Amino acid sequence: MRILLSFAALFMSIVFVQLSSGAMGPLDALSGVALGFSTAEIGRLGSAHFVGFFIGCWWAPRIMGSVGHGRTFAVFAAFGTLGALGHTLTTDPNVWAVLRVLTGMAVAGSYTVVESWLQAKVTNATRGRALGAYRLVDITASLAGQRLIGFLAPAAYVS
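Position numbers for residues count from 1 along each chain, tracking the sequence in the order it is written. Reporting in this predicted model follows two pLDDT cut-offs: at least 70 for local features of residues, and 80 or more for side-chain atom pairs to be given and counted; totals over whole chains, interfaces and linings ignore these cut-offs and use all residues. Hydrogens and water molecules were not included; the side-chain quantities draw on all heavy atoms of the structure.

1. Description of helix H6 (residues 127–147)
Now for step 1: In this description a helix means any DSSP run of H or I spanning at least four residues, a strand means any run of E spanning at least two, and both kinds are numbered starting from the N terminus. The span you would expect from a helix comes to 1.5 Å times its residue count less one. With 21 residues, H6 extends 30 Å from end C-alpha to end C-alpha; this agrees with the ideal 30 Å at 1.5 Å per step.
Now for step 2: What H6 keeps buried is the set Ala130, Ala133, Tyr134, Val137, Asp138, Ala141, Ser142 and Gly145. Taken down its axis, H6 places every buried residue within 165 degrees of arc, on the same side. Exposed side chains of H6 directed beyond 90 degrees from the buried face belong to Gly128, Arg129, Leu136 and Arg147. When accessible area is computed with a 1.4 Å probe and restricted to protein chains, residues below 20% of their type maximum are described as buried, those above 50% as exposed, and intermediate ones as partly exposed. Here, the arc refers to the directions that run from the helix axis to the C-beta atoms.

2. Comments concerning the environment of Phe16
Now for step 1: Structurally, Phe16 is set in helix H2 (residues 8–34).
Now for step 2: Phe16 sits in the exposed class, given a relative accessible area of 54%.
Now for step 3: For the pair Phe16 and Asp138, spaced 122 residues apart in sequence, the C-alpha to C-alpha distance is 9.5 Å.

3. Structural notes on the packing of helix H4 (residues 69–86) against helix H5 (residues 93–121)
Now for step 1: Across the interface, H4 lies against H5 with an axial gap of 8 Å and an inter-helix angle of 155 degrees. Classified by the interaxial angle, the pair formed by H4 and H5 is roughly antiparallel. Where H4 crosses over H5, the handedness of that crossing is left-handed. Two secondary-structure elements touch here, H4 through His69, Gly70, Thr72, Phe73, Phe76, Phe79, Gly80, Leu82, Gly83, Ala84 and Gly86 and H5 through Leu99, Leu102, Thr103, Met105, Ala106, Gly109, Ser110, Val113, Val114, Ser116 and Trp117.
Now for step 2: Class assignment for the residues of the contact of H4 with H5 results in 12 nonpolar, 10 polar and no charged. Axis definition: a line fitted to C-alpha atoms, limited for helices to the stretch in contact. Angles are taken between N-to-C directions and run from 0 to 180 degrees. Each angle gets one of four labels, with under 35 degrees taken as roughly parallel, over 145 as roughly antiparallel, 65 to 115 as roughly perpendicular, and the rest as oblique. Rotating anticlockwise by less than a right angle from the far helix to the near helix defines a left-handed crossing, while the corresponding clockwise rotation defines a right-handed one. Note on contacts: a residue pair qualifies if any of its non-hydrogen atoms lie within 4.5 Å across the two residues. Residues are grouped as follows: nonpolar covers Ala, Val, Leu, Ile, Met, Phe, Trp, Tyr, Cys and Pro; charged covers Asp, Glu, Lys and Arg; every other residue, Gly included, is treated as polar.

4. Some points on the side chain of Asp28
Now for step 1: Turning to its location among the elements, Asp28 is positioned in helix H2.
Now for step 2: In this structure Asp28 comes out as buried when scored by relative accessible area, which is 5%.
Now for step 3: Not counting residues within four places of it along the chain, the set of residues in contact with Asp28 comprises Leu45, His87, Trp96 and Arg100.

5. What about the pattern of salt bridges?
Now for step 1: By definition, a salt bridge exists where a carboxyl oxygen of Asp or Glu is found within 4 Å of a side-chain nitrogen of Lys or Arg. The full count for this structure, using the stated rule, is two salt bridges.
Now for step 2: For the salt bridge of Arg100 with Asp28, the shortest nitrogen-to-oxygen distance reads 3.3 Å. One end of the pair, Arg100, is in helix H5; the other, Asp28, is in helix H2, and 72 residues separate them in sequence.
Now for step 3: Put simply, Arg135 and Asp138 hold a salt bridge, and the shortest N to O gap is 2.5 Å. Here Arg135 and its partner Asp138 are both found in helix H6, three residues apart, which amounts to about one turn of the helix.
Now for step 4: A relative accessible area of 2% means that Asp138 is categorised as buried.

6. Regarding the nonpolar core
Now for step 1: Think of a nonpolar core as a cluster: buried Ala, Val, Leu, Ile, Met, Phe, Trp, Tyr and Cys residues, connected wherever their side-chain atoms sit within 4.5 Å. Grouped together as the largest cluster of nonpolar side chains are 19 residues, with contacts concentrated most on Phe7, Phe11, Val114, Leu118 and Tyr134.
Now for step 2: For this core, the elements supplying multiple residues, two or more each, are H2, H5 and H6.
Now for step 3: Dropping the residues within four chain positions of it, Tyr134 is found in contact with Phe11, Ile14, Tyr111, Val114, Glu115 and Leu118.
Now for step 4: Within the second largest apolar cluster, 14 residues are counted, among which are Phe37, Ile63, Met105 and Ala106.

7. So, the packing of aromatic side chains
Now for step 1: Whether two aromatic rings pair depends on their centres lying within 6.5 Å, for rings of Phe, Tyr and Trp, where Trp uses its six-membered ring; planes under 30 degrees apart make the pair stacked, over 60 edge-to-face, and the rest tilted. Scanning all chains against the criterion turns up eight aromatic pairs.
Now for step 2: When the centroid spacing of 6.4 Å and the interplanar angle of 35 degrees are considered together, the rings of Phe11 and Tyr134 count as tilted. Linking Phe11 in helix H2 with Tyr134 in helix H6, this pair joins segments that are 123 residues apart in sequence.
Now for step 3: On the accessibility criterion, Tyr134 (1% relative accessible area) is buried.

8. Side note on a nonpolar patch on the surface
Now for step 1: There is a patch of nonpolar side chains on the surface, built from Val51, Phe54 and Ile55 and spanning about 290 Å² of accessible area.
Now for step 2: Here Val51 is to be found in helix H3 (residues 39–67).
Now for step 3: When its relative accessible area of 44% is taken as the criterion, Val51 is described as partly exposed. Patches draw on residues past 30% relative accessible area with no salt bridge. Two like charges within 9 Å are joined, as are two nonpolar side chains (Val, Leu, Ile, Met, Phe, Trp, Tyr) within 5 Å. Method for areas: the Shrake-Rupley scheme with a 1.4 Å probe, in which residue coverage is limited to the protein chains shown.

Set out below in structure tokens:
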């Protein structure tokens, strides 16, 4: 319990990342259907997320080495915010694919930073409990994000 409390802010950041990421993937596909995107365009949205995820996995350690955990997390949080809010500005599937690259980078970068931070702060005696608690929070938030789909209307922000 003490470990969970000491990492509460870190775990809450992952809750927010996973709530948005868990909801955004399916919501993008449903919004694409509602906006008349072709199946290839909708597939490109999913693929673009994982292109961004790959870039984020490669880039995050390099940024962390230069500017540290906190600033790196802020960079990736900004990418995620830009990617999510950008969807409301246009209904062009190509722009959405670029935005999905940003959100993929944000998710991978956030994971990398948080897991690196955890590894740096725990001892060998507490590593298993800390990472177990982290994964429990992570997966629960992802499931909750997917449950939000029932309450979010696809493409509701399009006028």
